[in-house]
Amino acid sequence: NIFGNYQTIEEVIRNILIVDEGDPLNNLLFNKSINEIRSLRIFKNVKSNIKDGSNENLKIVDITVEEQPTGEISLAAGYGTNGITTGGGINEKNFMGRGIDLNVNFELSAETLTGQIQYSRPNFAYTDNTLFTSLRTVNNDYLSLYGYESKEIGFSIGTRFEQYENLFFSPELDFAVEDLKANSTASANMKKQVGSYSDFYFKYGLDYDLRDSSFNTKDGYISSFFQELPVLSDNNEISNTFTYSKYKELNKSSEMVGKASFYIKAMNTIDGSNVRISKRAPIPYNRLRGFEKGKVGPVDTNDYIGGNYVSTLNLSTNIPSLLPTLENFDFNYFIDFANAWGVDYDSSLDNSTIRSSTGIGLNVLTPIGPLSFSLTQPLAKASSDKTESFRFNLGTTF
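Residues numbered from 1 in each chain as written. Predicted model: local features only at pLDDT ≥ 70, side-chain atom pairs only at ≥ 80, totals over all residues. Heavy atoms only, no water.

A. Highlighting the overall build of the protein. Scanning the protein from terminus to terminus reveals 3 helices and 21 strands. With respect to the three principal axes, the spread of C-alpha positions in the protein is 85 × 50 × 35 Å. Summarising the internal contacts of the protein: among those between residues at least 6 apart in sequence, 54% fall at separations of at least 24. The positive charge centre, built from 36 side chains, and the negative charge centre, built from 48, are 3 Å apart in the protein. (Helix = DSSP H or I, 4+ residues; strand = E, 2+ residues; numbered from the N terminus. Contact = heavy atoms within 4.5 Å. Lys, Arg positive; Asp, Glu negative; His and termini not counted. Charge placed at Lys NZ, Arg CZ, Asp CG, Glu CD.)

Listed below in structure tokens is the structure:
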């Protein structure tokens, strides 16, 4: 029996249960089912009660959920060497009460404007498969700084399902059109790449998830491999990405959990030609805190061009013993390491250097929504890297 779901249709909850009606009652799998419901993050509270049935071989299970606002408006900003970078978005995790995730986000700086709409529907057509699609636009205007401008419009559609136990497969088709322009101040390599491009990619991901729970993970690991293969493309770039995250409970009484995460990406072309400037690999913003987004790695005529290869290592832990009496405050400590290297068209531009930073984060639940801060101190960097000491995110629900 499911109670309390006044806005959410019942099948959203039933579809995620590992133990369902008619199955042998396994307490371990049942508890995992409850955690899966919590991992949807569309309910404020989830409670369960197991009662005796009409005979000793039957049980009655009551699941009671408490609904909450599932929409969120967010604003993010970072302060660094070149001023403030802002971004934000609107996210609805339970669109129309069907568990649909609808996400609209943007990022704005002095030279870039990025926008994306993402739609994800679980159990599409009662297949247990998740259908997802997205529409994106990216405009990078570097004409006054580096002598070039790039505009891209893209569309993708794909699905995700559990192929084998704990192994998830996510094939995807991606279409994109890009236009590159340059003026007389652009580098020689950029001038060679001027033109219009049409790309049709087949992408797929493999996720092997052995975490004890996707909600408040305390033990286990998850590993992922993602590959992009050109079907029809002017440059024939191929991308390979591998990530691995390990969780370990450090102190059971205080629920202190440590996390170690590894990331590596390689970007090359099938025929050995140079990777297009817009396809090169930057260090992900959330994997190297304390540095401005896109302002790390190899530089060509003052332009941060990214590398052919990227690797990162992130170590973090929550700190529940810090201000334990304040339930709305959550502290965490982190150390980040990262490197971006490889310039296929000019090896002299390669400035392979291990960057590192450390800092502390604070998440606060306020009346207007969740608020998060991070204060970061870079420990090692290249002379050309741009640092960022402060970052905050603000969200409110509706």
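B. Region of interest: the pairing of strand E14 (residues 256-269). The sheet contact formed by strand E13 (residues 237-251) and E14 spans 14 bridges and is antiparallel. Its bridge partner lying in E14, Thr241 is registered against Lys265. Connecting E13 to the next strand, E14, in antiparallel fashion are 4 residues, including Glu255 with a positive phi near 60 degrees. Examined bridge by bridge, E14 and strand E17 (residues 309-318) share 9 bridges and lie antiparallel to one another. (Pairing = 2+ DSSP bridges.)

C. Expanded view of unusual backbone geometry. The phi angle at Ala125 is positive, at roughly 55 degrees, despite the residue not being glycine. Considering the arrangement of structural elements, one finds Ala125 in the loop between strand E7 (112-121) and strand E8 (130-142). Here Glu255, not a glycine, exhibits a phi torsion of approximately 60 degrees, which is positive. Positionally, Glu255 belongs in the loop between E13 and E14.

D. Structural context of the sheet that holds strand E1 (residues 2-3). With mixed pairing, the 3 strands of this open sheet are ordered in space as E1-E3-E2. The two strands at the open ends of the sheet, each matched to only one other strand, are E1 and strand E2 (43-52). Where E1 meets strand E3 (residues 59-67), 2 bridges bridge the pair, whose relative direction is parallel. Looking at the pairing, Phe3 lines up with Thr64 of E3. Packed onto the sheet, helix H2 (residues 27-39) meets E2 and E3 and runs at close to 155 degrees relative to E2. (Axes fitted to C-alpha atoms, helices over the stretch in contact; angles between N-to-C directions.)

E. Representation of the side chain of Asp174 within the structure. Relative to the elements of secondary structure, Asp174 occurs in strand E10 (residues 167-182). Here the side chain of Asp174 touches Arg136 through a polar contact of 3.0 Å, side chain to side chain. Those residues in contact with Asp174 that sit more than four places away from it in its chain are Arg136, Phe155, Ser156, Asp199, Phe200, Tyr201 and Lys203. (Polar contact = N/O pair within 3.5 Å; in protein donor to acceptor, adjacent residues only side chain to side chain.)

F. Up close: the environment of Asp128. Along the chain, Asp128 falls in the loop between E7 and E8. For the pair Asp128 and Ile157, spaced 29 residues apart in the sequence, the C-alpha separation amounts to 17 Å.

G. Structural detail: the packing of aromatic side chains. Scanning the entire structure with this criterion turns up 10 aromatic pairs. For the pair Phe175 and Phe200, a centre-to-centre distance of 4.6 Å together with 5 degrees between the ring planes defines the contact as stacked. With Phe175 in strand E10 and Phe200 in strand E11 (residues 195-209), this pair connects stretches of sequence that are 25 residues apart. An aromatic cluster of three or more residues is present, and its members are Phe161, Phe169, Phe202, Tyr204 and Phe225. (Phe/Tyr/Trp six-rings, centres within 6.5 Å; stacked < 30°, edge-to-face > 60°.)

H. Molecular detail of H2. In a regular helix each residue adds 1.5 Å, so 13 residues correspond to 18 Å; H2 covers 18 Å between its end C-alpha atoms and thus fits that length. Three or more residues of H2 are buried, namely Phe30, Ser33, Ile34, Asn35, Glu36 and Ile37. Residue Asn26 occupies the N-cap position of H2, its side-chain oxygen lying 2.9 Å from the main-chain nitrogen of Leu28. Looking at the residues trailing H2, positive phi occurs at Arg41, about 60 degrees. (Expected span 1.5 Å × (residues − 1). Buried < 20%, exposed > 50% of the residue type's maximum accessible area, 1.4 Å probe, protein only.)

I. Fine view of the side chain of Thr376. Tracing the backbone shows Thr376 in strand E20 (residues 369-380). With residues up to four places along the chain from it excluded, the contact list for Thr376 reads Arg289, Gly290, Phe334, Ser357, Thr358, Gly359, Glu388 and Ser389.

J. Just a nonpolar patch on the surface, in detail. A cluster of nonpolar side chains, namely Ile73, Ile90, Val104, Ile117, Leu135, Ile153, Phe155, Ile157, Leu173 and Phe175, defines an oily patch on the protein surface of about 820 Å² accessible area. For the nonpolar patch, the elements supplying multiple residues, two or more each, are strand E9 (148-164) and E10. Among the elements that make up the nonpolar patch, the one with the highest residue count is E9 (3 residues). By the secondary structure assignment, Ile157 is in strand E9. By relative accessible area, Ile157 is classed as partly exposed at 35%. (Patch = residues over 30% accessible without salt bridge, like charges linked within 9 Å, V, L, I, M, F, W, Y side chains within 5 Å. Areas by Shrake-Rupley, 256 points an atom, 1.4 Å probe, with all protein chains shown as cover. Salt bridge = Lys/Arg side-chain N within 4 Å of Asp/Glu carboxyl O.)

K. Molecular detail of the pattern of salt bridges. Scanning the entire structure with this criterion turns up 17 salt bridges. Here Lys51 ties to Asp62 by a salt bridge, and the two come within 3.0 Å at their closest N and O atoms. With a gap of 11 residues between them, Lys51 in strand E2 and Asp62 in strand E3 connect regions that are remote in the sequence. With relative accessibility at 35%, the residue Lys51 sits in the partly exposed group. Between Arg276 and Glu178 there is a salt bridge, with its nearest N and O atoms 2.6 Å apart. You can see Arg276 sitting in the loop between E14 and strand E15 (299-300) and its partner Glu178 sitting in strand E10, a full 98 residues away along the chain. Looking at Arg276, the relative accessible area reads 0%, which means it is buried. Connected through salt bridges with shared partners, the residues Glu178, Asp199, Glu237, Arg276 and Lys279 form a single ionic network.

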